[in-house]
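Now for the letters of each chain:
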Amino acid sequence: MPAFRLAIPFILLLGLGLYLTIEVDENWSFMMIVALVILVAGFILAPQINWWWWQRFPPDLPSEMAQLLEQRLPFYRQLSAEEQQEFRRRVFLFNHGHNFMPQVLEKMPLDGQVMIASAPVAMTFNKEQFLFPKFENIIVYPHPFPSPQYETTFHASEIYEPDGVVMFCLEHILRGFVDPRQFLNPAWYEYARVYAHTYPEADLGDWDNAGWEQLESVSGFSHEALKRWIGLPELDLQAMGIAFFFLFPKRFEEVLPAINQQLQAVFHHK
């Protein structure tokens, strides 16, 4: 962590001050006080220090994560080399700018973070602001889960706006990312909903004359199959459509050309 690296000189200064105070003269204790004040301030401000550093000198994702994006994410493949580097930078910053909260899992696996972050990073790739501060908490379960909103229903994903929470089943994320033609990655669906909440002024398409039949023609997923996969009785047609706009771009343009043009204007997605 950058904040820890910056703290090393002051840790050494603290040690030196302690040595000089004991072995030479107690007047050297001022050195300890200065070092301790700086270390405490650095500890309190560590998140801000890390974020400031990462924005200017962001480390790249591990090579295996870059390969994962190259192999499984069509949006990433159509980017130039410079844009791919920027995409990876944003994925890294997204993962450190949001609070991942694994449940049951000992820790959140990096590939799972990348598979979740790739959806919102793609949706905001034409924007300078690619974080969602009103939805900074990402809760991840290894399996379908109930929640305060759906206490008796085990499901794969949801958002809860009052607490700024996005929730996912990691199993569904993994299967949807690896095989998007057989399974939906719920991150695309939920972050389409988050996007609509965050940018209510955006024209996300006229869906009045569109329906689930058209979306099935785009993706091959029936409405009933999607409801079983997500695990909830009602789904957001517009959010699912935005997900398919990114996941099945050629077929989406063929089936829903007018909405495709509207979404192109919003996302500038080629």
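In what follows, the structure referred to is the one given above.
This one's a predicted model, so the numbers in the text were calculated from it and none came from an experiment. (Residues numbered from 1 in each chain as written. Predicted model: local features only at pLDDT ≥ 70, side-chain atom pairs only at ≥ 80, totals over all residues. Heavy atoms only, no water.)

1. Topic: the overall build of the protein
Part 1 of the reasoning: Regarding its fold elements, the protein presents 14 helices and 4 strands.
Part 2 of the reasoning: Counting all 270 residues of the protein, 45% fall into the buried class.
Part 3 of the reasoning: Pairs at least 24 residues apart make up 69% of the contacts formed inside the protein by residues separated by at least 6 positions.
Part 4 of the reasoning: About 14,400 Å² of surface is accessible on the protein, with carbon and sulfur atoms providing 57% of the total. (Helix = DSSP H or I, 4+ residues; strand = E, 2+ residues; numbered from the N terminus. Buried < 20%, exposed > 50% of the residue type's maximum accessible area, 1.4 Å probe, protein only. Contact = heavy atoms within 4.5 Å. Areas by Shrake-Rupley, 256 points an atom, 1.4 Å probe, with all protein chains shown as cover.)

2. Looking at the packing of aromatic side chains
Part 1 of the reasoning: Counted according to the given criterion, the structure contains 21 aromatic pairs.
Part 2 of the reasoning: Look at phenylalanine 245 and phenylalanine 267: their rings are 5.9 Å apart centre to centre, the planes differ by 35°, and that puts the pair in the tilted class. Taken together, the residues phenylalanine 245 in helix α12 (residues 237–247) and phenylalanine 267 in helix α14 (residues 257–267) connect sequence positions 22 residues apart.
Part 3 of the reasoning: By relative accessible area, phenylalanine 245 is classed as buried at 0%.
Part 4 of the reasoning: Three or more aromatic residues link up through ring pairs in this structure, and these residues are Phe75, Tyr76, Phe87, Phe125, Trp188, Tyr195, Tyr199, Trp207, Phe245, Phe246, Phe252 and Phe267.
Part 5 of the reasoning: One cation-aromatic arrangement involves lysine 127 over tyrosine 199; the distance from NZ or CZ to the ring centre is 4.2 Å.
Part 6 of the reasoning: Above the ring of phenylalanine 183, the side-chain terminus of arginine 175 is found at 4.3 Å from the ring centroid. (Phe/Tyr/Trp six-rings, centres within 6.5 Å; stacked < 30°, edge-to-face > 60°. Lys NZ or Arg CZ within 6 Å of the ring centre and 35° of its normal.)

3. Focus on the sheet that holds strand β1 (residues 99–102)
Hydrogen bonds along the backbone pair up the strands of a sheet, which may run parallel or antiparallel.
Part 1 of the reasoning: In spatial order, the strands read β1-β2-β4-β3; together these 4 strands make up an open sheet with mixed pairing. Of all the strands in the sheet, just β1 and β3 (157–160) have a single pairing partner and so form its edges. Neighbour-to-neighbour, the strand axes of the sheet open up by a mean angle of 15°, direction not taken into account.
Part 2 of the reasoning: Across the sheet, helix α8 (residues 170–178) lies against β2 (137–141) and β4 (165–169), angled at about 70° from β4, the strand it touches most. (Pairing = 2+ DSSP bridges. Axes fitted to C-alpha atoms, helices over the stretch in contact; angles between N-to-C directions.)

4. Topic: helix α7 (residues 110–123)
Part 1 of the reasoning: When the terminal C-alpha atoms of α7 are compared, their 20 Å separation across 14 residues agrees well with the 20 Å that a helix rising 1.5 Å per residue should span.
Part 2 of the reasoning: At alanine 117, α7 shows its maximal kink, close to 30°; a proline, proline 120, follows between one and four residues later.
Part 3 of the reasoning: Within α7, 12 of the 14 residues are buried, which leaves it mostly tucked inside the rest of the structure.
Part 4 of the reasoning: For α7, the set of buried residues is Gly112, Gln113, Val114, Met115, Ile116, Ala117, Ser118, Ala119, Pro120, Val121, Ala122 and Met123. (Expected span 1.5 Å × (residues − 1). Bend = angle between axes of the 7 residues up to and from the residue.)

5. A word on the nonpolar core
Part 1 of the reasoning: Counting 73 residues, the largest nonpolar core has Phe87, Leu184, Tyr191, Phe244 and Phe267 as its most contacted members.
Part 2 of the reasoning: Here this core gets 9 residues from one element, more than from any other, and that element is α12.
Part 3 of the reasoning: Setting aside its immediate chain neighbours within four residues, tyrosine 191 contacts Phe94, Ile116, Pro120, Met123, Phe132, Ile138, Val166 and Phe168.
Part 4 of the reasoning: Counting residues in each nonpolar core, the second largest holds 7 residues, with Ile139, Val165, Met167 and Cys169 among its members. (Core = buried A, V, L, I, M, F, W, Y, C linked by side-chain atoms within 4.5 Å.)

6. Things to note about the pattern of salt bridges
Part 1 of the reasoning: Summed over all chains, the structure comprises 6 salt bridges.
Part 2 of the reasoning: The partner of arginine 90 in a salt bridge is glutamate 86, with the nearest N and O atoms 2.8 Å apart. Separated by 4 residues within a single helix, arginine 90 and glutamate 86 lie in helix α6 (residues 81–97), roughly one turn from each other.
Part 3 of the reasoning: Note on arginine 90: relative accessible area 8%, which makes it buried.
Part 4 of the reasoning: Residue glutamate 190 pairs with arginine 193 through a salt bridge whose shortest N-O separation is 2.9 Å. Of the two residues, glutamate 190 and arginine 193 both sit in helix α9 (residues 186–198), 3 residues apart, roughly one turn of that helix.
Part 5 of the reasoning: For arginine 193, a relative accessible area of 22% gives the class partly exposed. (Salt bridge = Lys/Arg side-chain N within 4 Å of Asp/Glu carboxyl O.)

7. Observations regarding the side chain of glutamine 113
Part 1 of the reasoning: Inspection of the secondary structure assignment puts glutamine 113 in helix α7.
Part 2 of the reasoning: Accessibility expressed as a relative area gives 16% for glutamine 113, which makes it buried.
Part 3 of the reasoning: Among residues more than four places away in sequence, those in contact with glutamine 113 are Asn95, Phe100 and Met108.

8. Some words on the environment of alanine 239
Part 1 of the reasoning: Note on placement: alanine 239 falls in helix α12.
Part 2 of the reasoning: Once the C-alpha coordinates of alanine 239 and leucine 204 are considered, the two residues, 35 residues apart in sequence, prove to be 9.1 Å apart.
Part 3 of the reasoning: Other than its neighbours up to four places away in sequence, alanine 239 contacts Tyr189, Ala192 and Arg193.

9. Re the side chain of glutamine 84
Part 1 of the reasoning: When you line up the elements, glutamine 84 lands in helix α6.
Part 2 of the reasoning: Excluding residues within four positions of it along the chain, glutamine 84 makes contact with Glu70, Tyr76, Arg77 and Leu79.

10. A look at the pairing of β3
Part 1 of the reasoning: One ladder, built from 4 bridges, connects β3 with β4; its direction is antiparallel. Opposite isoleucine 159, over in β4, you have valine 166 as the bridge partner.

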